[in-house]
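Fold and contact review
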Amino acid sequence: MGTNVSLEENFQTYVDGENKVEPKDWMPEKYRRTLIRQISQHAHSEIIGMQPEANWITRAPSLRAKLILLAKVQDEAGHGLYLYSAAETLGESREKMISDLQSGKAKYSSIFNYPTPSWADMGTIGWLVDGAAIQNQVMLTRTSYGPYARAMVKICKEESFHQRQGYEVVMKLAQGTPEQKAMAQESLNRWWWPSLMMFGPSDDESPNSAQSMKWKIKRKSNDTLRQEFVDKTVPQVEYLGLTVPDADLKWNDTRGHYDFGVINWDEFYDVIQGNGPCNKERIAHHVDAHEDGAWVREAANAFAQKQVQRKKDTVTAA
Amino acid sequence: MTGGWLAGKKSQYTKEEALKEYFLFLADDALILGQQLSRWCSKGPVLEQDIAIINTSLDHIGRARLLYQELSKIEGAGTTEDTLAYFRDHQAFRNALLLEQPNGHWGDSVVRSFFIDTFNFFLYDGLRQCEHRVLAGIAEKSIKEIAYQAQWSAEWVIRLGDGTDESHEKVQKSIDDLWMWTGELFESHPVFEALDASFVDFSALKTQWLNKVALILETATLQMPNAEAWMQTGGRLGVHTSHLGFILAEMQSLPRTYPNASW
Amino acid sequence: MNKDHWKLWEVFLRSKNGLSHKHVGSLHAADSEMAIQNARDVYTRRSEGISIWVVPSEAITASAPDEKEPLFAPSDDKVYRHPTFYDIPDDVEHM
């Protein structure tokens, strides 16, 4: 026990020195569990996050837009994969993570439980949702766990085009016909508040945050990140000639930040609890794809085993 | 080509008409297949294969754009890649019927890709020597992608064929079901007569295609269907199956609802 | 292991001639050909590599960190060396 305490103290000092932790290093069990939970949740968000956008691939209104959207959703699949890889270095199999996702044990970002009825949503998601995610991800490139930090570096490099793609879609709408402009505003109205919720509960309501900050898994608090996001996004909304759906939004000269209205946390917790418009649909889609693919995965394994056996037989025969 | 359900279809083409048709054969094949494959996004058997199939979808749609862009220049004012993709009705599409067949399960999609990828490989390999410089350039750029696609789909046919009993049975059925759509790929067409010989005549690819398919199916322990079986036809003349109408209705909905908008 | 579970492979890329292969991550595949193909699709979407190695993760033997002198002991901070194939990109600070 005494040894453990000193190991944990050493670990803290090590992390405080801005050093990276690598897979085979000793780490507190709780650090490992926290990382597995956070990285897999992050991976699941990328994977479930493909669905609301994949929804528009077949209907993208130009071939250029179709290619960009496809490439973007493909990137999300890639990012999910990088993150599953990072979590696997902690000894958690992807199979287990996926089964936790499908059983509801593991969570993913609640934002993806909202539907995408409008093409404008392809812009708003890239601009606001990816924008909010990038805020978080840039911070995570400096996270203390090496494989996670490296995955985030790759992801951030690739994400840079996503937000611009989103903004471009919205800009074309905002500068287009009156119907298109209305489309952009309607979409912004639906996504603004859920985007702010993406940063998670306020700091005083977020019990895991403090420990994560201490271990430098997380580098900035939820409220700090949320404020940065609002400050940076409001001018972008204004540039488009659109309106933020928040009557309380006002620049505060003293703070040097925007003040904004109260988030509806009841909605946030409701959606997390499974009561969002698309919770069931998202998981069912994932389960169906996984089950439909079982015979394919089995066949590939059976074929691989036969190949190995054939090589052995050839060697024996020779 | 007179009598029957293809009655009334054009049988003689000027050189320019033939050139446009030839571009549509290639471009519509690429677009419709790309569109179909893109539906697999988030539905693949494993994440890695989702990424792989999206890659091929990207390649097909990217190739369709290059071909439509060149065709727009031939067509002249007012025509763009997007008017070609979004404002033509099913009668104006020239893709082979094979490509508009539904995705079905993984094996169905893999077999559909295998048939067309193998065809595309020989076709685009030949088109690298085409006297139409732009088309030759597109072929040169595309052949690497197509070679990769052909390898990917052939390997999957082999894996499924020589995998489990279940996968063997399923993929054999995919081959048998899709077989009747393959004959159309090699039909002679008056368009080929109107163009110079450097535009590959699709009917010249049949032997190579049959040999390659036979080889892969044998490796996959699958039965080759009868090459002389009855084949469906119509796509190259704009006579399609019901599937294409739904594909286009979905794909074209937004630009047709807001015809004055730009995206 | 379930019949439909594909094994894990580590992926190494050579970004250009003159440089050594570098670990970039892992993926799942049923066999080595598929692992190479998947690696191409997953890790070279932006032409990051000209040569790919894939190795079954189970085939890698890693040195064990010394139990008695944990690598993260404060006094050893300056001599800390991470396992060779887990390389931290130089630009991690700039992102």
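Structure: see above.
Description of the structure in this document. (Residues numbered from 1 in each chain as written. Chains lettered and ligands numbered in written order. Predicted model: local features only at pLDDT ≥ 70, side-chain atom pairs only at ≥ 80, totals over all residues. Heavy atoms only, no water.)

**Things to note about the interface of chain A and chain B**
Often the size quoted for an interface is simply the accessible area lost on bringing the parts together. As a reminder of what qualifies: Here, two residues are considered to be in contact whenever any of their heavy atoms come within 4.5 Å of each other. Accessible area, probed at 1.4 Å, shrinks when two parts are joined; the buried area is that loss added up over both. Any carboxyl oxygen of Asp or Glu within 4 Å of a side-chain nitrogen of Lys or Arg constitutes a salt bridge here.
Listed per partner, the contact involves 45 residues of chain A and 49 residues of chain B. Buried area between chain A and chain B, summed over both chains or domains, comes out near 4,000 Å², and the portion from carbon and sulfur atoms is 70%. Scanning the region where chain A abuts chain B turns up three salt bridges. The salt bridge involving R310 of chain A is made with D162 of chain B; its shortest N-O contact spans 2.8 Å.

**Re the pattern of salt bridges**
Once their charged atoms are close, side chains differing in charge can pair, the charge on each being opposite to the other. Residue and element names in this part refer to chain A. In plain terms, the rule: We count a stretch as a helix when DSSP gives it H or I for four or more residues in a row; a strand needs E for two or more, and each element gets its number in order from the N terminus. Classification of residues uses two cut-offs on accessible area relative to the type maximum, computed with a 1.4 Å probe and protein chains only: under 20% is buried, over 50% is exposed, and between them is partly exposed.
A complete count under the given rule lists 40 salt bridges over all chains for this structure. The salt bridge involving K72 is made with D130; its shortest N-O contact spans 2.9 Å. Separated by 58 residues along the polypeptide, K72 in helix α4 (residues 63–88) and D130 in helix α6 (residues 120–140) bring together distant segments of the chain. A salt bridge links D100 to K105, with the nearest nitrogen and oxygen atoms 3.9 Å apart. Overall, D100 belongs to the buried group, its relative accessible area being 13%. Several salt bridges share partner residues, and in doing so they unite E53, K72, E76 and D130 into one network.

**Quick word on the interface of chain C and chain B**
The test is simple: N or O atoms closer than or at 3.5 Å make up a polar contact, with two conditions inside protein: a donor-capable atom paired with an acceptor-capable one, and, for residues adjacent in sequence, both atoms drawn from side chains. Note that Gly is not counted as nonpolar here; it falls among the polar residues with everything else outside the nonpolar set of Ala, Val, Leu, Ile, Met, Phe, Trp, Tyr, Cys and Pro and the charged set of Asp, Glu, Lys and Arg.
With twelve residues of chain C at the contact, the number on the chain B side is twelve residues. Taken together, the links from chain C to chain B amount to one salt bridge. Between D31 of chain C and R159 of chain B there is a salt bridge, with the nearest N and O atoms lying 3.4 Å from each other. Our enumeration of links across chain C and chain B arrives at seven residue pairs in polar contact (both at pLDDT 80 or more). Counted by class, the side of chain C that touches chain B contains four nonpolar, three polar and five charged residues.

**Points about the packing of aromatic side chains**
Under the convention used in this document: In this analysis, rings of Phe, Tyr and Trp, with Trp reduced to its six-membered ring, are considered paired at centre separations within 6.5 Å, and the interplanar angle assigns stacked below 30 degrees, edge-to-face beyond 60, and tilted for intermediate values. Throughout this description, the term charge over a ring refers to an Arg CZ or Lys NZ atom that lies within 6 Å of the ring centre and within 35 degrees of the ring normal.
This model, assessed by the stated rule, comprises 33 aromatic pairs over all chains. In this structure, R59 of chain A packs its charged tip against the face of W56 of chain A, placed 3.7 Å from the ring centre. Cation over ring: R159 of chain B sits above W156 of chain B, and NZ or CZ is 4.9 Å from the ring centre.

**Some thoughts on the sheet that holds strand β3 (residues 51–56) of chain C**
As a reminder, the rule being used: Two strands pair under a simple rule: DSSP has to find at least two bridges between them. Only the stretch in contact is used when fitting a helix axis, every axis being a line fitted to C-alpha atoms; angles between N-to-C directions are given from 0 to 180 degrees.
Taken in spatial order, the three strands of this open sheet run β2-β1-β3 (chain C), and their pairing is antiparallel. Looking along the sheet, the strands with just one partner apiece sit at the ends: β2 (22–29) and β3 of chain C. Averaged over all pairs of adjacent strands, the angle between strand axes in this sheet comes to 30°, irrespective of strand direction. Judged from the seven bridges that link them, strand β1 (residues 7–14) of chain C and β2 of chain C form a sheet pairing that is antiparallel. Among the inter-strand pairings, K7 of chain C is bridged to a residue of β2 of chain C, identified as A29 of chain C. Strand contacts of α4 of chain A: β1 and β2 of chain C, with the helix running at about 95° to β2 of chain C, the strand carrying the most contacts.

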